[in-house]
Amino acid sequence: MPAKIIDGRPLAQRIQSEIKSAVDEFQARAGAVPGLGVVLVGADPASAMYVRMKRRACERAGLRSEARILPAASTQAEVENAVRAFNADPNIHGILVQLPLPDHIDGEAVLSEISLAKDVDGIHPLNLGRLGMRGTEPTFTPATPTGVMQLIEETGEAIEGKGAVVIGRSNIVGLPVALMLMKANATVTICHSRSRDLPGTVRRADIVVAAIGRAEYVKGAWLKPGAIVIDVGSNSVPDPESEKGYRYVGDVEFESAQAIAGYISKVPGGVGPMTITMLLSNTLKAARRSLEA
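What this report covers is the structure whose coordinates are included nearby. (Residues numbered from 1 in each chain as written. Predicted model: local features only at pLDDT ≥ 70, side-chain atom pairs only at ≥ 80, totals over all residues. Heavy atoms only, no water.)

Of note, Pro100 is situated in the loop between strand 4 (94-97) and helix 4 (107-112). For the pair Pro100 and Val41, spaced 59 residues apart in the sequence, the C-alpha separation amounts to 8.7 Å. (Helix = DSSP H or I, 4+ residues; strand = E, 2+ residues; numbered from the N terminus.)

As structure tokens, then:
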């Protein structure tokens with residue numbers, strides 16, 4: 001029996017509808033709506049597209065968004081000042097710095113400038129550190145890993161006690177999702193491009209999160225029958241039959257994986273909608289907390 005499809009779109013729509021109702025309640029109470037500030041440096045087409053998608057999602061949910069778009073040649077001080085300006089703006093409750101930043105910018109220094117109360121992408125070094133410590137909780141958890149966890153929970157399968165493999169170790173997805181799976185009491189192995197016998201390691205996993213950034217890298221033959229597979233990848237590959245000449249595929253070879261897995265997320269339409277939704281949810285949380293401060 002082919003794997004059940006984990007479609008992030010209806011789940012994201014349901015949560016965004018709930019957010020819209022909560023935003024209306026917040027506005028009635030506070031006289032304003034939650035605000036998200038986005039810092040974009042440079043003109044990378046993918047980054048610009050992601051920013052547009054996030055701002056449109058804000059608009060649909062009734063949130064206010066403001067973008068500071070800086071030239072790729074901006075200095076370290078100019079980028080940090082853009083973050084500080086959002087920190088000081090009482091109408092901005094959440095701040096997102098779109099990654100990656102240009103090579104000459106010290107990304108850690110920029111992210112460290114984000115107020116912890118406004119770090120709605122959960123990417124501040126202190127928040128990531130708290131995520132990895134037992135007995136502590138970050139102010140916010142990162143949007144994409146939180147979306148991954150939501151999709152796993154949507155299957156109805158227990159996480160506790162399961163073996164999980166995370167393929168990829170980035171600060172944005174791989175590392176934080178591994179830490180979140182550990183907090184959910186899974187037994188976690190982090191793999192990467194230099195891991196030995198990657199197929200053998202993946203084959204033992206009940207849960208597989210693929211976030212390595214390589215098109216269709218994980219094959220169905222690598223999977224344990226019935227495994228939950230969450231594909232975080234979004235890779236452009238040539239497709240002469242497409243109007244654009246290309247299409248997006250994940251890090252998992254979907255057709256072969258669907259024949260083995262128990263559940264598998266779609267690309268596109270799986271993790272992507274959930275990432276934006278978790279960002280909106282965290283912005284709403286930040287706005288609510290600002291009223292209590």
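Applying the stated criterion across every chain, the model contains eleven salt bridges. Residue Asp206 is joined to Lys224 by a salt bridge in which the shortest nitrogen-to-oxygen separation is 2.7 Å. Placement of the pair is Asp206 in the loop between helix 8 (198-203) and strand 7 (207-210) and Lys224 in the loop between strand 7 and strand 8 (228-231), with a sequence separation of 18 residues. Since its relative accessible area comes to 22%, Asp206 is described here as partly exposed. When salt bridges that share partners are traced, they join Arg64, Glu66 and Arg68 into one network. (Salt bridge = Lys/Arg side-chain N within 4 Å of Asp/Glu carboxyl O. Buried < 20%, exposed > 50% of the residue type's maximum accessible area, 1.4 Å probe, protein only.)

Bringing the sheet that holds strand 8 into the picture now. Overall, parallel pairing links the six strands, which are arranged 1-11-8-7-5-6 in an open sheet. Of all strands in the sheet, those bounded by a partner on one side alone are strand 1 (4-6) and strand 6 (187-191). Averaged over all adjacent pairs, the angle separating strand axes in this sheet is 15°, with direction ignored. Looking at chain direction, strand 5 (residues 163-167) and strand 7 are connected through four bridges and run parallel. The residue bridging Ile167 from the neighbouring strand is Ala210, located in strand 7. Helix 6 (residues 143-154) contacts strand 1, strand 7 and strand 8 of the sheet and is inclined by roughly 150° relative to strand 8. (Pairing = 2+ DSSP bridges. Axes fitted to C-alpha atoms, helices over the stretch in contact; angles between N-to-C directions. Contact = heavy atoms within 4.5 Å.)

Right, let's get into the pairing of strand 3 (residues 64-70). Bridge count for strand 2 (residues 35-41) against strand 3 is seven bridges, and the pairing is parallel. When the sheet's bridge partners are listed, Gly37 is paired in strand 3 with Glu66.

A separate point is the pairing of strand 6. With five bridges connecting them, strand 5 and strand 6 associate as parallel partners. Its bridge partner lying in strand 6, Val165 is registered against Thr189. In the classification by handedness, the crossover that spans strand 5, the intervening helix 7 (residues 174-183) and the parallel strand 6 is right-handed. (Right-handed = clockwise from strand over helix to strand, strands pointing away.)

In this approach the atoms are scanned with a rolling probe the size of a water molecule, which exposes any empty space left behind. One number sums up the size of the largest pocket: a volume of about 1400 Å³. Lining of the largest pocket is provided by 50 residues; of these, Tyr50, Thr144, Ser234, Gly272 and Thr275 occupy positions nearest its centre. Looking at which element gives the most residues to the lining of the largest pocket, the answer is helix 2 (residues 45-61), with nine residues. A class-by-class count of the residues in the lining of the largest pocket yields 26 nonpolar, 15 polar and nine charged. (1 Å grid on protein atoms, 1.4 Å probe; cavity = no way out; pocket = protein on both sides within 12 Å on 5 of 7 lines; lining within 4 Å. Points joined across faces, edges and corners; volume = space filled by probe spheres on them. Nonpolar A, V, L, I, M, F, W, Y, C, P; charged D, E, K, R; others polar.)

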